[in-house]
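# Architecture at a glance
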Amino acid sequence: MLSKTSAAQTAEVLSEALPYIQQFVGKTIVVKYGGNAMTDEALKSSFAKNVVLMKTVGINPIVVHGGGPQIGDLLEKLNIESRFVNGMRVTDSETMDVVEMVLGGMVNKDIVSLLNQHGAKAVGISGKDGGLIKARKHIMTQTAEETKVPEIIDIGHVGEVESINTDLLYLLTQSDFIPVIAPIGVDDAGHSYNINADLVAGKMAEVLCAEKLLLLTNVAGLMDKEGTVLTGLTTAEVDGLIEDGTIYGGMLPKITCALDAVKSGVKRSHIIDGRVPNALLLEIFTNEGVGTLITNEGL
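Residues numbered from 1 in each chain as written. Predicted model: local features only at pLDDT ≥ 70, side-chain atom pairs only at ≥ 80, totals over all residues. Heavy atoms only, no water.

Going by what an unreviewed UniProt entry lists, the chain is known as Acetylglutamate kinase and is assigned to BD1-7 clade bacterium. As recorded by UniProt, the Subcellular location (unreviewed entry) comment attached to the chain reads in full: "Cytoplasm". What UniProt states about the chain under its Catalytic activity (unreviewed entry) heading is, verbatim, "N-acetyl-L-glutamate + ATP = N-acetyl-L-glutamyl 5-phosphate + ADP". (UniProt positions renumbered as here; feature names shortened; annotations may be inferred.)

Consecutive residues of a regular strand have side chains that alternate between opposite faces of the sheet. Counting buried positions along strand β15 (residues 291-295) yields five of five residues, so the element is predominantly enclosed. Summarising the sheet, strand β14 (residues 268-273) and β15 pair through five bridges and their orientation is antiparallel. Within β15, the residue paired with S269 across the bridge is I294. (Buried < 20%, exposed > 50% of the residue type's maximum accessible area, 1.4 Å probe, protein only. Helix = DSSP H or I, 4+ residues; strand = E, 2+ residues; numbered from the N terminus. Pairing = 2+ DSSP bridges.)

What follows deals with helix α5 (residues 167-174). Along α5, the residues that are buried comprise L169, L172 and T173. The buried side chains of α5 occupy one side of the element, clustering within an arc of 95 degrees when seen end-on. Opposite its buried face, α5 presents the exposed residues D167, L171 and Q174, each directed more than 90 degrees away. (Arc of directions from axis to C-beta.)

The next subject is the packing of helix α6 (residues 197-207) against helix α8 (residues 251-263). Running from amino to carboxyl end, α6 crosses α8 at an angle of 10 degrees, the nearest separation of the two axes being 9 Å. For the element pair α6 / α8, the angle class is roughly parallel. Residues D198, L199, G202 and E206 of α6 pack against K254, C257, D260 and A261 of α8. Tallied by class, residues from the contact of α6 with α8 come to three nonpolar, one polar and four charged. (Axes fitted to C-alpha atoms, helices over the stretch in contact; angles between N-to-C directions. Parallel < 35°, antiparallel > 145°, perpendicular 65-115°, else oblique. Contact = heavy atoms within 4.5 Å. Nonpolar A, V, L, I, M, F, W, Y, C, P; charged D, E, K, R; others polar.)

Now for the UniProt feature "site: Transition state stabilizer" (unreviewed entry) in the chain. Listed under "site: Transition state stabilizer" (unreviewed entry) in the UniProt record, and renumbered for this structure, are K32 and K254. Sequence-wise these annotated residues cover 223 residues; spatially they are packed, their C-alpha atoms never more than 10.8 Å apart. Accessibility expressed as a relative area gives 11% for K32, which makes it buried. Other than its neighbours up to four places away in sequence, K32 contacts V64, G66, A197, D198, A201, L214, L215, L216 and K254. By relative accessible area, which is 13% here, K254 ends up buried. Apart from residues no more than four positions distant in its own chain, K254 is found in contact with K32, D198, L215, L216, T217 and I271.

And the structure:
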């Protein structure tokens, strides 16, 4: 039994969450799931409960997941070398087979099972199912030091999102299912491509005109040069932080993804700390949040 103090605190939390629930009921929220939240057992359980609660109160969550560490582990067990160029995994045909096994199989089904254990109706699909994600080959260029001439580097089955067929997603969400999506696309010739999960989540949010895009990370959010988490940023302010070098390195692609989503019509993008228990609920249903918010709405 709760003490009077605990009961009062619970009632206060629910009261704070009420206006957010009312605001987001019936809306679509795209969540990119990865990092520590995907490997720590307590955080996995917390994530699943958060997503199920979102669905229970009338929100339509769509989960797009990564799986880089799991891919690396299986490649190592199979004695297949992992190679990276500018942070992107070189994906030959043999590696692509492993990517499909891990993302479309093991990782996807683990997430689906976890959500279903907590009372959801989750369905796992890859971008190949129902023609969900049409992809094209990612063309990488790199300038040679000697000639100063850009050269095309072939990194194999690494793709970009060309288009997304939303019919399947609408069918699932309107039938009270939670789609769990592996970021694998296919081109017109039937070639499979491994696509960055952040990019897939961003494009999903755009084409669905989502209320929010939530990108789970292993950091507290976007920080300034003094280490303070920045939030409540407009797209113009983020552009300025990129120009002055505050945003650089590994954070740049994730911020760019969140920024592009808002510029393309998503109301709010959030970069949140997936290492925090109940991070999704804290960001969606409380005033303080747990990360960086980018929006042009009401600012």
